[in-house]
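Commentary on secondary and tertiary structure
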Amino acid sequence: MNDLETRAAAARPGALRRAAPALLGYAAVRALGLVVLALWSEARGKSAYTLLTARWDSLWYTRVAELGYGYEVRLPNGDVHSNLAFFPLLPWLERLAAAVSPLSYADGGFVVSLLASLAAAWGIFAVADRLYGRRAGVCAVLLWAVLPVGIVQSMAYSESLFTALAAWALYAVLTGRWVTAGLLAGLAGLTRPVGLAVVAAVWAAGVAAFLRERSGSSFVGDGSAVPAGGARDGGHAGPPSGAPHTGAPDGAPPSPHAPGVRLRRVVGMLLAPLGAAGYVLWVGDRTGGGLLGYLDVQAGWRNGFDGGYAFALFVAGRFTSFPSALAGVALVVGVALVVWLYVLCVRRGQPLPLLVYAGTVTALALCASSYFGSKPRLLLPAFPLLLPLAVALARARTRLLAAGLGAVAAGSAAYGAFWLNGSGPP
């Protein structure tokens, strides 16, 4: 069985029907957020659509779509903000939308983000459903939707597009579709710098599979003999321990030693880094900076990886006075919660590719020296962190679950409207 055949099996008519509750719930949460944003913005004399499509990074993406690369802004302090910092897949799609329809580049970015957010929700459901059952899959999607910065999922930003590619790449790894995983990882690498996390997940799963073959042991975390949706038919939330279901993956070859599996795995691993590597090398050639050219571009934005030193100083600085100390406490609690969720993922035995992906996204978000207000947004793609909570919520009564998530959704919508009408995401 090859990748095309397994993809066709995954696309059976029942797949969309199975995901429908999650997708409808996600659409309802996002619609609530957009309605609250429109009302809030109208009361303040602002355009909600402008906030979603023509501010901050969305302007940089539309400029790339319209004018190509080469635009930069030189600040009085000497910093150079170059649009080479923005990866090309979203601008390409914006340009395509404008070419085949009457949409503007900004309109195209908005439409791409809306569609990509639905694809991301479906991908998150597919991963969670496979590991823990349908009910946990629905909970995982709703948790992702009601995150405080969830409004970014509806902006002309690249977070939704990246999360969709990452989620489906991880699902492809879990089901043994190595070439598909490599292609999706390559596209993710053309979307955001954190595409490295998807590449790392594919490679970790591939290396683990090769090691298992050599040792002859059974290792469920490698992605080719990973958790199957044991609860697919019954729709149960998963075993009491919250551990993933195990067994042969649906649609994947019956054995990692089957003819052709190793070759497809190698091809997938080779395809995975091509997107990110290709763009970084192109930027290096264009700027004359070689392999470090893209890092020089990011340095112009004061972005870099310092192990969290600058972020730690920023948090410590919040404790210099009483009002800001409350923000400092919130930051410490937030970071502790993220770390605790990741520890839970490890202890509950999440498959290796998910742990590598979530760990890399989290490390890059928390340990980068970029603008500190963007860190919650940078953590949006780390959806595997939500899976332990999703498993726990899946055991709750439906009425109680709906009431709780409804209240959180209302709070998230209000916060998103307040946020975008204020400082907003950088």
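For the structure itself, consult the block above.
The structure contained in this document is the topic of the report that follows. (Residues numbered from 1 in each chain as written. Predicted model: local features only at pLDDT ≥ 70, side-chain atom pairs only at ≥ 80, totals over all residues. Heavy atoms only, no water.)

**Re the overall build of the protein**
A count of helical and extended segments in the protein gives 19 helices and 2 strands. Residue burial in the protein is summarised as follows: out of 426 residues, 52% are buried. A separation threshold of at least 6 residues defines the contact pool for the protein, and within that pool the share at least 24 residues apart is 76%. Here the protein has roughly 18300 Å² of accessible surface; of this, 69% comes from carbon and sulfur atoms. (Helix = DSSP H or I, 4+ residues; strand = E, 2+ residues; numbered from the N terminus. Buried < 20%, exposed > 50% of the residue type's maximum accessible area, 1.4 Å probe, protein only. Contact = heavy atoms within 4.5 Å. Areas by Shrake-Rupley, 256 points an atom, 1.4 Å probe, with all protein chains shown as cover.)

**Things to note about the packing of helix α15 (residues 322–347) against helix α16 (residues 352–366)**
In contact at an axis separation of 11 Å, α15 and α16 are set at 165° when each is read in the N-to-C sense. It follows from the interaxial angle that α15 and α16 lie roughly antiparallel. Seen from above, α15 lies across α16 with left-handed handedness. Across the interface between the two elements, Val335, Val338, Tyr342, Cys345 and Val346 from α15 touch Leu355, Ala358, Gly359, Thr362 and Leu366 from α16. Residues of the contact of α15 with α16, tallied by class, amount to 8 nonpolar, 2 polar and no charged. (Axes fitted to C-alpha atoms, helices over the stretch in contact; angles between N-to-C directions. Parallel < 35°, antiparallel > 145°, perpendicular 65-115°, else oblique. Left-handed = near helix turned anticlockwise from the far one by under 90°. Nonpolar A, V, L, I, M, F, W, Y, C, P; charged D, E, K, R; others polar.)

**Remarks on the packing of aromatic side chains**
Applying the stated criterion across every chain yields a total of 18 aromatic pairs. Here the aromatic rings of Tyr26 and Trp144 are separated by 5.9 Å at their centres, their planes lie at 20°, and the arrangement is stacked. Here Tyr26, found in helix α2 (residues 13–43), pairs with Trp144, found in helix α7 (residues 134–145); they are 118 residues apart in sequence, far enough to count as distant. Aromatic pair Tyr69 and Tyr279: ring centres 5.8 Å apart, planes at 45°, arrangement tilted. With Tyr69 in the loop between α4 (57–67) and β1 (72–74) and Tyr279 in helix α12 (residues 274–287), the pair connects residues that are 210 residues apart, well separated along the chain. Across the pair, exposure class does not vary: Tyr69 and Tyr279 are buried alike. (Phe/Tyr/Trp six-rings, centres within 6.5 Å; stacked < 30°, edge-to-face > 60°.)

**Some thoughts on helix α9 (residues 178–189)**
Compared with the 16 Å implied by 1.5 Å per residue over 12 residues, the 16 Å span of α9 between its first and last C-alpha is a close match. α9 sits mainly inside the fold: 10 of its 12 residues count as buried. Turning to α9, its buried residues are Trp178, Val179, Thr180, Ala181, Gly182, Leu184, Ala185, Gly186, Ala188 and Gly189. (Expected span 1.5 Å × (residues − 1).)

**As for the environment of Ser369**
Tracing the backbone through its elements, the reader meets Ser369 in the loop between α16 and α17 (375–378). Ser369 gets classed as partly exposed once you look at its relative accessible area, which sits at 22%. Along the primary structure Ser369 and Ala312 are separated by 57 residues, whereas in three dimensions their C-alpha atoms are 9.8 Å apart. Discounting chain neighbours no more than four positions away, the residues touching Ser369 are Arg302, Asn303, Gly304, Phe305, Asp306 and Ala310.

**Things to note about the nonpolar core**
In terms of nonpolar packing, the biggest core is built from 108 residues, with Leu37, Trp144, Val198, Tyr279, Tyr357, Phe383 and Leu420 touching the most fellow members. Residues in contact with Leu37, not counting those within four places in the same chain, are Ala48, Leu51, Leu52, Ile151, Ala417, Leu420 and Asn421. (Core = buried A, V, L, I, M, F, W, Y, C linked by side-chain atoms within 4.5 Å.)

**Comments concerning helix α10 (residues 195–215)**
The α-helix advances 3.6 residues per turn, and as a result positions three or four apart in sequence lie on the same side. Between its first and last C-alpha atoms α10 spans 31 Å; for 21 residues at 1.5 Å apiece the expected length is 30 Å, and the two agree. After α10 finishes, the residue Gly216 shows a positive phi value of roughly 75°.

**Some thoughts on a nonpolar patch on the surface**
A cluster of nonpolar side chains, namely Trp203, Val207, Leu211, Val266 and Leu270, defines an oily patch on the protein surface of about 440 Å² accessible area. Looking at the nonpolar patch, the elements that each hand over two or more residues are α10 and α11 (261–271). The dominant element in the nonpolar patch, judged by the number of residues it contributes, is α10, at 3 residues. (Patch = residues over 30% accessible without salt bridge, like charges linked within 9 Å, V, L, I, M, F, W, Y side chains within 5 Å. Salt bridge = Lys/Arg side-chain N within 4 Å of Asp/Glu carboxyl O.)

**A look at the environment of Phe319**
Looking at the secondary structure, you find Phe319 in the loop between α14 (309–317) and α15. The exposure class assigned to Phe319 is partly exposed, which follows from its relative accessible area of 44%. Linking Phe319 and Val329, residues 10 residues apart in sequence, is a C-alpha distance of 8.2 Å. Beyond its immediate chain neighbours, meaning those up to four positions away, Phe319 contacts Ala325, Gly328, Val329 and Val332.

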